[in-house]
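Residue-level listing of the chains:
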Amino acid sequence: MNDLLLAETDVSRLKSDSNFPELSFNQFRYERPNIAKATVEFDTLIAEFDAAVSVDEQNDVIARINKLRDKIETQISIAEVRHSIDTEDKFYKEEQEFVDEATPQFGELINRYYKHVLNSPFRAELEERWGKQMFDLAETAMKTMSPEIIPLLKQENKLISQYNDLLAAAEIPFEGKMENLQGLMAYESNTDREIRKKAVNAKFGFFATNTEEIDDIFDQLVKLRAKIASELGFNNFVELAYARMARTDYNAADVERFRGSVLKYIVPAVSDLYARQQKRLGVEQLYYHDEQLIFSDGNATPHGDAEFILNNGSKMYRELSGETDYFFQYMMKNELLDVENKKSKAGGGYCTNFAEYGAPFIFSNFNGTSADIDVLTHEAGHAFQTFESRDFDIPEYKWPTYEACEIHSMSMEFLTWPWMKLFFAEQTDKYKFAHASHALTFIPYGVAVDEFQHWVYENPEVTPAERDAKWRAIEKKYMPERTYDGNDYLENGGFWKKQRHIFNSPFYYIDYTLAQICAFQFWQRSLADAEDAWTDYLKLCKAGGSMSFLKLVGYANLRSPFDEDCMQDVIVKVIEWLNGVDDNNL
Ligand code: ZN
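Residues numbered from 1 in each chain as written. Predicted model: local features only at pLDDT ≥ 70, side-chain atom pairs only at ≥ 80, totals over all residues. Heavy atoms only, no water.

1. Description of the overall build of the protein
The helix and strand tally for the protein stands at 25 helices and five strands. By the compact-globule yardstick of 25 Å for 586 residues, the protein fits well, its C-alpha radius of gyration being 24 Å. Across its three principal axes, the protein shows a C-alpha extent of roughly 75 × 50 × 45 Å. Residue burial in the protein is summarised as follows: out of 586 residues, 59% are buried. Looking at the protein alone, contacts between residues at least 24 apart form 76% of all its contacts between residues at least 6 apart. Here the protein has roughly 23,700 Å² of accessible surface; of this, 49% comes from carbon and sulfur atoms. Positive and negative side-chain charges in the protein, numbering 63 and 98 respectively, have mean positions lying 1 Å apart. (Helix = DSSP H or I, 4+ residues; strand = E, 2+ residues; numbered from the N terminus. Rg over C-alpha atoms; globule rule 2.2 N^0.38 Å. Buried < 20%, exposed > 50% of the residue type's maximum accessible area, 1.4 Å probe, protein only. Contact = heavy atoms within 4.5 Å. Areas by Shrake-Rupley, 256 points an atom, 1.4 Å probe, with all protein chains shown as cover. Lys, Arg positive; Asp, Glu negative; His and termini not counted. Charge placed at Lys NZ, Arg CZ, Asp CG, Glu CD.)

2. Some thoughts on the coordination of the zinc ion
At this site the zinc ion is bound by H378 (NE2), H382 (NE2), E406 (OE) and E406 (OE), with donor distances of 2.1 to 2.6 Å. Each of the four donor atoms around the zinc ion contributes to a set of angles spanning 54 to 145°, which defines the coordination as irregular. By relative accessible area, H378 is classed as buried at 12%. (Donors = N, O, S within 2.8 Å, 3.2 Å for Na, K, Ca; no water. Tetrahedral: all angles 85-135°; square planar, octahedral: opposite > 155°, others 65-115°.)

3. Structural notes on the nonpolar core
Membership of the largest hydrophobic core comes to 202 residues, with the highest contact counts inside it found for I266, F354, L440 and F520. Element by element, the count of residues in this core is highest for helix 18 (residues 428-458), at 15 residues. (Core = buried A, V, L, I, M, F, W, Y, C linked by side-chain atoms within 4.5 Å.)

4. Details of the packing of helix 2 (residues 35-51) against helix 4 (residues 90-118)
Remark: helix 2 packs on helix 4, axes separated minimally by 10 Å, with the N-to-C direction vectors making an angle of 5°. Classed by the angle they form, the pair helix 2 and helix 4 counts as roughly parallel. Note on element contacts: helix 4 touches helix 2 through F98, A102, Q105, F106, L109, I110, R112, Y113, H116 and V117, opposite I35, A38, T39, F42, D43, I46, F49 and D50. In the contact of helix 2 with helix 4, the residues fall into twelve nonpolar, three polar and three charged. (Axes fitted to C-alpha atoms, helices over the stretch in contact; angles between N-to-C directions. Parallel < 35°, antiparallel > 145°, perpendicular 65-115°, else oblique. Nonpolar A, V, L, I, M, F, W, Y, C, P; charged D, E, K, R; others polar.)

5. Digging into the state of the cysteines
Summed over the entire model, instances satisfying the criterion amount to zero disulfides. Between C405, a cysteine without a disulfide, and C351, which holds the nearest cysteine sulfur, the sulfur-to-sulfur distance is 8.7 Å. (Disulfide = S-S within 2.5 Å.)

6. Looking at the sheet that holds strand 4 (residues 350-354)
Pairing within the open sheet is mixed, and its three strands lie in the order 3-5-4. The two strands at the open ends of the sheet, each matched to only one other strand, are strand 3 (337-340) and strand 4. Strand-to-strand, the axes of this sheet are offset by a mean angle of 15°, without reference to chain direction. With three bridges joining them, strand 3 and strand 5 (residues 359-366) adopt parallel strand pairing. Bridge pairing in strand 5 links E340 to F366. Packing against the sheet, helix 13 (residues 306-320) makes contact with strand 3 and strand 5, and its axis sits at approximately 135° to strand 3. (Pairing = 2+ DSSP bridges.)

7. Here we look at helix 13
Taking 1.5 Å as the rise per residue, helix 13 with 15 residues should run 21 Å; its terminal C-alpha atoms sit 20 Å apart, in good agreement. Among all positions in helix 13, only A306, I309, L310, N312, G313, S314, M316, Y317 and L320 are buried. (Expected span 1.5 Å × (residues − 1).)

8. Quick word on the pattern of salt bridges
One pass over the structure, following the stated rule, counts 50 salt bridges. The partner of D536 in a salt bridge is K539, with the nearest N and O atoms 4.0 Å apart. Separated by three residues within a single helix, D536 and K539 lie in helix 23 (residues 530-543), roughly one turn from each other. Judged by its relative accessible area of 6%, D536 is buried. Assessed through its relative accessible area of 29%, K539 is described here as partly exposed. Connected via shared salt-bridge partners are E291, R472, E475, R482 and E491. (Salt bridge = Lys/Arg side-chain N within 4 Å of Asp/Glu carboxyl O.)

9. Some points on the side chain of Q453
With respect to the element layout, Q453 can be found in helix 18. Here Q453 is in contact with I502, P506, F507 and Y509, once residues within four sequence places are set aside.

10. Side note on the packing of helix 15 (residues 371-388) against helix 16 (residues 402-415)
Across the interface, helix 15 lies against helix 16 with an axial gap of 7 Å and an inter-helix angle of 130°. One way to sum up the angle between helix 15 and helix 16 is to call them oblique. Seen along the crossing, helix 15 lies across helix 16 with a hand that is right-handed. Of helix 16, the residues touching helix 15 (which contributes T377, H378, G381, H382, F384 and Q385) are C405, E406, H408, S409, M410, M412 and E413. (Left-handed = near helix turned anticlockwise from the far one by under 90°.)

11. Description of helix 9 (residues 193-209)
Note: α-helices contain 3.6 residues per turn, so residues at a spacing of three or four share the same orientation. The terminal C-alpha atoms of helix 9 lie 24 Å apart, and with 17 residues this matches the ideal 24 Å at 1.5 Å per residue to within 8%. Taken together, the buried positions of helix 9 are I195, R196, A199, V200, A202, K203, F204, F206 and F207. On its buried face, helix 9 sits against helix 7 (150-168), strand 1 (172-174), helix 8 (181-185), helix 10 (211-231) and helix 20 (488-491). Of the residues that open helix 9, the one with a side-chain oxygen 2.9 Å from the backbone nitrogen of E194 is D192. (Polar contact = N/O pair within 3.5 Å; in protein donor to acceptor, adjacent residues only side chain to side chain.)

12. Description of the environment of E41
Relative to the helices and strands, E41 resides in helix 2. By relative accessible area, which is 35% here, E41 ends up partly exposed.

13. With respect to the pairing of strand 5
Buried residues dominate strand 5, accounting for eight of its eight residues. Because side chains alternate across strand 5, one face comprises the buried residues A359, F361, F363 and N365, and the other comprises P360, I362, S364 and F366, equally buried. When strand 4 meets strand 5, the two strands line up antiparallel, connected through five bridges. Residue pairing across strands places C351 opposite I362, the latter belonging to strand 5. Counted along the chain from strand 4 to the antiparallel partner strand 5, the turn is four residues long, and its residue G358 has a positive phi close to 60°.

14. A closer look at the side chain of H408
Take H408: it is sitting in helix 16. Accessibility expressed as a relative area gives 1% for H408, which makes it buried.

15. Side note on the packing of aromatic side chains
The final tally for this structure, using the stated rule, is 62 aromatic pairs. With a centroid separation of 5.8 Å and 55° between ring planes, the pair formed by F327 and F387 is classed as tilted. Of this pair, F327 sits in helix 14 (residues 322-333) while F387 is found in helix 15, placing the two residues 60 residues apart along the sequence. Here F327 and F387 have matching classes, each one buried. One residue, R129, lies across the ring of W130, its end atom 4.0 Å from the ring centre. The ring centre of Y330 lies 5.4 Å from the NZ or CZ of R390, which sits over that ring. (Phe/Tyr/Trp six-rings, centres within 6.5 Å; stacked < 30°, edge-to-face > 60°. Lys NZ or Arg CZ within 6 Å of the ring centre and 35° of its normal.)

Written out as structure tokens, the structure is:
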């Protein structure tokens, strides 16, 4: 191990002691950031940075710039979170519009600062102080931004918000009630096949009805992104997207090889799993609308409501470790979780943070299925990591890049297995089998989304119909058994339009599949030695974003998911575990 790597792995020297005001979420004061004022402040600080005659003086300016960044970022997060909690709230809807406009400008200010940091005469000393990763991130970020593209970035944000608002506003008549997209999901695992089929048809009926508007939004997004990439000097948006995702240690060719390994090792294993499911359900043909029902007499469901889940979550995190106990009590006490499905609440689930308060936030829509527990473990995994990383003195290290982030969340789903009986009681084994199966069946879908996006942005001029046809072809490659039972919209390749990431965060999807291969490793290690697995998991969370993805993987004593042998070994063990379960008797 060379000196640089040694220096990089000592993450504690990049942190100060916790010193955050502790308030509950509702007490967080929101005031629209003044970007014009911030611009003057940034430029003044940058001038001071340039005039500094020592590295200490420059470090002092960096600290003040970071304070300003934390302040603005916190206000942006508050606006986004409150808008997502009630997309019809007029005040925060306007603030979200402001955020869409302001974030590109704010991003440009950070890049101005990066330019000066990268060109500092004290660069070597700064790198020694802050670690090489900050400079790699700054260099990558520089490539993704220029003042000329700010109007285009604002347009991009606006289109994304248009898509999100359209989905959040969905009111779909179903079985005599009005449901939103999130609410419909619960019916997809109903034991009555007719209801499942109706739920799938109702959900995609919404997408079919709005297909023209969604196609139009996406077409504009693709062309806009191609234009942004070309203005920045990239050959296409794929290259820009990798830079935006701050991928510094792998490229599109590595990802392509990874997808090839998925096709070789995982797709056949998933076919076997679907064959077992078809047998369990006692159906002649497993249709898409059967996929969510894992057991013919019903999936495992949590034995209680949100309060029950959060109370048992407290017990689980108390028993798991001192760190998780402190973290979860903090979240509960300060109302940093909004988990119930409500009308006009945005869909999905996410975790974010408020840098000024050192506080994470968890957002989700409970629907009475086992997915509610996945929120408590998945989103809490993200939140726990950023909580453990909140003392980093620079914002860049409070989160790592996304594929590393998903290791924290997806591994937490497995590391909390010993407590699943609190939620599922006699159905615990059902839950575990379904969870492990889903972790595997998800991967081919994940790489399909990734391959689709590569194709879309390599061919920005194709028509919406050609995009749908391509999606259907990729689906057939990675999910050969998927059968839509005559649903024209899905047969014609419309499925991908419900996948928010494709619109909101392009190329953020392979991240889940890379992370899953890492999470499987934590799972397998925890089955052999839970304490040892936890020690490395905690170490990984505390390292935050101070290293690149593959360095973090090595730091946590995991093998690289790009290593084909690793993929093969990991998957063989997953299959062994799944084959060891007598699923017909669960
Ligand atoms: Zn996640």
